[in-house]
Amino acid sequence: RANAHSDSAAVVCGVVLAGLYPNLAQVTAAAAGGGGGGVSLRGARDQNMALHPSSVVRDPPPGALVAYHDKVETSRRFVRDATLVPPAAAMLFSRAIEVDHVGGAVLVDGWLSLPVPARTGVMLKQLRGEVEALLQWKLRRPHADLAQRAASPVTVPTPPSSPAP
């Protein structure tokens with residue numbers, strides 16, 4: 001049962017992000033000519049980082065998210081042991097998310113803005129609450145089977161109607 005989703009790259013990357021959080025950065029500029037060392041990143045506190053030249057992550061597009069294990073500072077600040085992670089994982093395993101209904105974005109932990117339709121952002125915020133509740137339930141009952149917990153219904157709110165021009 002533990003390996004039921006081991007063939008899903010998105011699930012594995014999400015678990016990696018959950019374990020490494022808050023070591024998350026966003027690609028701001030891609031490398032010229034390939035290679036990790038030229039890939040610029042920004043994180044919650046460090047605005048000027050780069051992928052270490054030995055990184056296996058190659059040519060990530062601007063806006064991509066990278067979870068990393070550690071930072072080193074030599075000629076510049078580098079992140080090492082990095083992997084690309086899906087934006088949904090960042091929204092599910094972050095500390096807080098805010099939905100910008102007008103701008104069509106989700107703000108993750110006050111620094112990472114991800115372009116997401118408002119309706120999707122609201123659903124992800126609700127799902128995040130369900131994941132948190134499930135984890136809290138399991139922590140209180142370590143020997144209980146997760147199948148014993150009844151799922152609570154998640155309602156999808158109707159977006160507010162726009163005023164007529």
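Residues numbered from 1 in each chain as written. Predicted model: local features only at pLDDT ≥ 70, side-chain atom pairs only at ≥ 80, totals over all residues. Heavy atoms only, no water.

A. Quick look at unusual backbone geometry. A cis geometry characterises the amide bond from Tyr-21 onward to Pro-22, with omega recorded as 15°. By the element assignment, Pro-22 lies in the loop between α1 (9–20) and β1 (24–29). One non-glycine residue, Asp-81, lies in positive phi territory at about 50°. Here Asp-81 falls in the exposed class, since its relative accessible area comes to 53%. The backbone of Asp-109 shows a phi angle near 50°, a positive value even though the residue is not glycine. Relative to the helices and strands, Asp-109 resides in the loop between β7 (105–108) and β8 (112–115). A relative accessible area of 22% places Asp-109 in the partly exposed class. (Helix = DSSP H or I, 4+ residues; strand = E, 2+ residues; numbered from the N terminus. Buried < 20%, exposed > 50% of the residue type's maximum accessible area, 1.4 Å probe, protein only.)

B. Representation of the nonpolar core. In terms of nonpolar packing, the biggest core is built from 23 residues, with Leu-17, Leu-24, Met-91 and Val-108 touching the most fellow members. Broken down by secondary-structure element, the contributors of at least two residues to this core are α1, β4 (65–73), α2 (87–93), β6 (97–100), β7, β8 and α3 (118–140). The element contributing the most residues to this core is α2, with four residues. One finds Val-27, Leu-51, Ala-64 and Val-79 within the second-largest nonpolar core, a separate group that totals twelve residues. (Core = buried A, V, L, I, M, F, W, Y, C linked by side-chain atoms within 4.5 Å.)

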